[in-house]
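So the chains spell out like this:
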Amino acid sequence: MEMSTILLAHGYAMAPDQHWYPWLGEELSTAGHTVVVPPLPDAAAPDPDAWHKVLLAAADAAPADTVLVGHSLGGVSLLRLLQEHDTERHGAYRGLVLVASMAGEVGYDQLAGFFHPAFDWARIRAAAGTVRALHAADDPVTGAATPQHIMDFATRLGAEVIVTPDGGHFPTVGESRTELRHALELVRSLAEGRSHASGAERGDTK
């Protein structure tokens, strides 16, 4: 079985020791992978350049052996990281998993800087390797535009998208979630170079 480095970028107003991040890290570490979950600065009042610097420093492992995982705004930051990655010199990453992430602005003025300038989707796609995304149909952050965000990841990045009927923002603000099995399966399948089996169609959002 192949071993990989997993770099996880947490979400807005969140931290590495919260929600499903520790569980995911333990599951992947037990399987033999190296897991890196850097604390992103001022998570409740984030600055895109500050987050970018931390993720850039953390992404110093061989790209071909690294799977990037981004939750919510962390996923947006990874899109920017990939856009600036020198693929011709360093090669593409093994893969990218986007969990409840966003392809464009979602109405939060404080976060507008994360979406400007516009994404260069062709550069991101070339750098990302295999892309998979997990999204809930009832995500309150992407709201009525959820289908458009999902479609953007599918068409612009060639992402295979798993959509669950519920699950919110994995979690929604004010809630907690200690496991996220769909995310684990997506990450492990990329890290270990195999296909994945989804339970989304059965409504399994654990």
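Residues numbered from 1 in each chain as written. Predicted model: local features only at pLDDT ≥ 70, side-chain atom pairs only at ≥ 80, totals over all residues. Heavy atoms only, no water.

An unreviewed UniProt entry lists the protein chain under the name Serine hydrolase family protein, with Catenulispora yoronensis as the source organism.

It is worth spelling out the sheet that holds strand β5 (residues 130-136) at this point. In space, the 6 strands of this open sheet follow the order β2-β1-β3-β4-β5-β6, with parallel pairing throughout. Single-partner strands in this sheet number two, and they are β2 (34-36) and β6 (160-164). Recorded for the sheet is a direction-independent mean angle of 15° between the axes of neighbouring strands. With 3 bridges connecting them, strand β1 (residues 5-9) and β2 associate as parallel partners. Note that in β2 the partner of Thr5 across the bridge is Thr34. Across the sheet, helix α6 (residues 146-157) touches β4 (95-99), β5 and β6, and the angle it forms with β5 is around 170°. (Pairing = 2+ DSSP bridges. Helix = DSSP H or I, 4+ residues; strand = E, 2+ residues; numbered from the N terminus. Axes fitted to C-alpha atoms, helices over the stretch in contact; angles between N-to-C directions. Contact = heavy atoms within 4.5 Å.)

Moving on: the pairing of β1. A large share of β1 lies buried, amounting to 5 of its 5 residues. Side chains Thr5, Leu7 and Ala9 project from β1 onto one buried face, and the interleaved Ile6 and Leu8 project onto a second face that is buried too. One crossover worth recording links β1 to the parallel β2 by way of helix α1 (residues 21-30), and it is right-handed. Judged from the 5 bridges that link them, β1 and strand β3 (residues 66-71) form a sheet pairing that is parallel. What sits directly across from Ile6, in β3, is Val67. (Buried < 20%, exposed > 50% of the residue type's maximum accessible area, 1.4 Å probe, protein only. Right-handed = clockwise from strand over helix to strand, strands pointing away.)

In this model, the protein chain carries a mean pLDDT of 93, and residues with pLDDT of at least 70 account for 94%. Confidence over residues 198-206 falls short of pLDDT 50; this stretch has 23 contacts with residues more than four positions distant or in other chains. (pLDDT = per-residue confidence, 0-100.)

Let us now look at the packing of aromatic side chains. A ring pair, where both rings are aromatic, is described by two values, the distance of the centres and the angle of the planes. Inspection of every chain in the model, using the stated rule, returns 5 aromatic pairs. With 5.5 Å between their ring centres and 75° between their planes, Trp51 and Phe114 make a pair best called edge-to-face. With a gap of 63 residues between them, Trp51 in helix α2 (residues 48-58) and Phe114 in the loop between β4 and α5 (121-128) connect regions that are remote in the sequence. The exposure classification of Trp51 matches that of Phe114, with both residues buried. By way of ring pairs, the aromatic residues Phe115, Phe119, Trp121 and Phe153 are connected into one cluster. (Phe/Tyr/Trp six-rings, centres within 6.5 Å; stacked < 30°, edge-to-face > 60°.)

Within the secondary structure, Phe119 is located in the loop between β4 and α5. The spacing of Phe119 and Val131 is 12 residues in sequence and 16 Å in space, taken between C-alpha atoms. Among all residues touching Phe119, those that are not within four sequence positions of it are Val76, Leu79, Arg80, Gln83, Ala103, Phe114 and Ile124.

In this section: the packing of α2 against helix α3 (residues 73-83). Interaxial distance between α2 and α3 falls to 10 Å at its minimum, and their mutual angle equals 70°. Judged on the interaxial angle alone, α3 and α2 are roughly perpendicular. Along this stretch, α2 crosses α3, giving a crossing that reads as right-handed. Contacts between α2 and α3 pair Trp51, His52, Leu55 and Leu56 from the former with Leu73, Gly74, Ser77, Leu78, Arg80 and Leu81 from the latter. When the residues that make up the contact of α2 with α3 are grouped by side-chain class, the tally is 6 nonpolar, 3 polar and 1 charged. (Parallel < 35°, antiparallel > 145°, perpendicular 65-115°, else oblique. Left-handed = near helix turned anticlockwise from the far one by under 90°. Nonpolar A, V, L, I, M, F, W, Y, C, P; charged D, E, K, R; others polar.)

Turning our eyes to something else, we now look at α2. Taken together, the buried positions of α2 are occupied by Trp51, His52, Leu55 and Ala58. Projected down its long axis, α2 shows its buried positions confined to an angular sector of 130°, all on one face. Those residues of α2 that are exposed and angled more than 90 degrees off the buried face are Asp49, Lys53 and Ala57. (Arc of directions from axis to C-beta.)

So, on to the pattern of salt bridges. Across all of its chains, the model carries 5 salt bridges by this definition. Among the ionic pairs, Asp152 bridges to Arg156, the shortest N-O distance being 3.5 Å. Here the residue Asp152 and the residue Arg156 both occupy positions in helix α6, the gap between them amounting to 4 residues, near one helical turn. Two residues, Arg181 and Glu179, come together in a salt bridge whose shortest N-O distance is 3.1 Å. (Salt bridge = Lys/Arg side-chain N within 4 Å of Asp/Glu carboxyl O.)

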